[in-house]
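Examination of the molecular architecture
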Amino acid sequence: MKLWITAGGTGSAWEICKTAKQYFPEEIELYVSDINDRDKVAAATLADHFFKVPAVRDKGYEAHIKKLLSEEKIDLIIPLIPWEQTIFAPDNEEWKVLGINSAAPTMETAGHCNDKKKLYNLCRNLGIDTIRVYDKEEIHPEEHYFVKAIDGFGAMAAGVKDGESLLANGTRGLVVQEYCHGEEVTAEVYYDRKDTYFAVRERLETKNGVCTKARFPKDAVLEEKIADALRKLTGALPFPNVFNLQWIREGETWKLMDINLRLASGTGTSRAAGFQLVRAMLAHALGKEISPEWLRLAPEVKTVLRVYDEVVVRE
């Protein structure tokens, strides 16, 4: 299988490449693309082929990468940047004519989940506790709010703002949300179109929005709440094989904060704790049997700590 991975400089791309080489070295031929030169992309050291491409939002990106995918006769693409998901969406008619499989979500699901205001309305309609989204006229100058880019991802434009500054400077391009003070967890999900399997990871420390210290809480109430939300979400929309839900506690209530229709950059920490999400995703793509043991956390793991590694890129 010829597999193409975008955003080669991300932690997710590294995790996919490392897993492919460890478990499926003979079955998968790896193609990696990124906006940087090969000598600045760690995953390029594991790839069989590397391509430098324009930025996703550049005018020529779509035509350029489609040309490469067709010329290289790619079987499957795993896009890792939300802004490119509609290009490779399985229900995009312009994409379907290429006959290449894609791990991207459908345009329908991306439309509901990537826009934070639409996600808020989706959760309310399905009866899922979620953090409140405020319109400008609902903002009070003396209150504090959490803001982020309305169509961004990761930690883009994210931070705490007071109502006075938001009213003075405007909220264009931002979503204004309830400011919650509790701990955050990420539920990483594998979905086989029938059942969902997930691992709950508490982010003890983050750097640039990526988890660097994690623990794996055993909370039956939280797990049932996540399972119930997944039943409602997958019953309402067609979800991809892998995605993640971010939750935050406010008082005694866990609230859904975000849905990312892709691998999390912290996926490697969950894999180290026993939840082999990427291995399951690649096995599914190859038509191989998936062992239930791959999708269970090791009970003895207390924390996973992420440290830097040195990757040498040779000529």
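These notes cover the structure that comes with them.

A word on empty space enclosed by the protein
Using the criterion set out here, one finds 1 cavity of 30 Å³ or more in the structure. Of the voids in this model, the largest cavity is the one considered here, and its volume is about 50 Å³. Surrounding the largest cavity, Lys116, Leu119, Tyr120, Thr130, Ile131, Val133, Gln177, Leu256 and Met257 form its lining. Where the lining of the largest cavity is concerned, the elements lending two or more residues are helix 5 (116-126) and strand 14 (253-260). Counting residues per element, the lining of the largest cavity draws most heavily on helix 5, at 3 residues. A per-class count over the lining of the largest cavity returns 6 nonpolar, 2 polar and 1 charged.

Observations concerning the pairing of strand 7 (residues 144-149)
Consecutive side chains of a regular strand alternate in pointing toward one face of the sheet and then the other. In this sheet, strand 8 (residues 159-162) lies alongside strand 7 in antiparallel orientation, the contact comprising 4 bridges. Along strand 8, the bridge assignment pairs Phe146 with Val160. Sheet topology note: the strand 7/strand 9 (residues 174-178) ladder contains 5 bridges and is antiparallel. Opposite Ala149, over in strand 9, you have Leu174 as the bridge partner.

Observations concerning the sheet that holds strand 7
The 4 strands are arranged 6-9-7-8 in an open sheet whose pairing can be described as antiparallel. The open sheet has two edge strands with one neighbour each: strand 6 (133-134) and strand 8.

Overview of the sheet that holds strand 12 (residues 210-215)
Across the sheet, which stays open at both edges, the 6 strands sit in the order 14-13-10-11-12-15 with antiparallel pairing between neighbours. One side of each edge strand has no neighbouring strand; the edge strands of this open sheet are strand 14 and strand 15 (303-305). The average angle at which neighbouring strand axes cross in this sheet is 40 degrees, direction not considered. Here strand 10 (residues 184-191) pairs with strand 11 (residues 196-207) via 7 bridges, running antiparallel. Its bridge partner lying in strand 11, Ala187 is registered against Val200. Contacting strand 10, strand 11, strand 13 (242-250) and strand 14, helix 7 (residues 220-236) crosses the sheet at an angle of about 115 degrees to strand 11. Across the sheet, helix 9 (residues 277-286) lies against strand 10 and strand 13, angled at about 20 degrees from strand 10, the strand it touches most.

Description of the nonpolar core
A general trend in soluble globular proteins is that nonpolar side chains are found buried together. If you look at the biggest cluster of nonpolar residues, it comprises 48 residues, and the most contacted ones within it are Leu3, Ile16, Leu69, Phe88 and Leu282. Mapped onto this core, the elements with two or more residues apiece are strand 1 (2-5), helix 1 (11-23), strand 2 (29-34), helix 2 (61-71), strand 4 (76-78) and helix 9. The biggest single contributor to this core is helix 9, with 6 residues. Not counting residues up to four positions away in its chain, the partners in contact with Leu3 are Ile16, Ile28, Glu29, Leu30, Tyr31, Leu76, Ile78 and Leu282. Core analysis: the second largest hydrophobic core is formed by 25 residues, Val185, Val189, Leu237 and Leu245 among them.

Criteria and cut-off values
- Numbering of residues starts from 1 in every chain and runs along the sequence as written.
- Reporting of local features is limited, given that this is a predicted model, to residues whose pLDDT is at least 70; pairs of side-chain atoms are given and counted only at 80 or more, and all residues count toward the totals for whole chains, interfaces and linings.
- Side-chain calculation: all heavy atoms of the structure are included, whereas hydrogens and water are not.
- Using protein atoms alone on a 1 Å grid, points that fit a 1.4 Å probe yet trap it form a cavity, whereas open point sets bounded by protein on both sides within 12 Å along at least five of seven lines form a pocket; residues with an atom within 4 Å of a point count as lining.
- Grid points are joined across faces, edges and corners, and a volume is the space filled by probe spheres set on the points.
- Under the DSSP-based scheme used, a helix requires at least four consecutive residues in state H or I and a strand at least two consecutive residues in state E, with every element numbered from the N terminus.
- The nonpolar class holds Ala, Val, Leu, Ile, Met, Phe, Trp, Tyr, Cys and Pro. Asp, Glu, Lys and Arg form the charged class, and all remaining residues, Gly among them, are polar.
- In this description, strands pair whenever DSSP reports at least two bridges between them.
- Angles run from 0 to 180 degrees between N-to-C directions of axes, and those axes are lines fitted to C-alpha atoms, restricted for helices to the stretch in contact.
- Between two residues, a contact is recorded if the distance between any of their heavy atoms is within 4.5 Å.
- Buried residues of nine kinds, namely Ala, Val, Leu, Ile, Met, Phe, Trp, Tyr and Cys, make up a nonpolar core once their side-chain atoms join them within 4.5 Å.
- Whether a residue is buried, partly exposed or exposed follows from its accessible area with a 1.4 Å probe, protein chains only, as a fraction of its type maximum: under 20%, in between, or over 50%, in that order.

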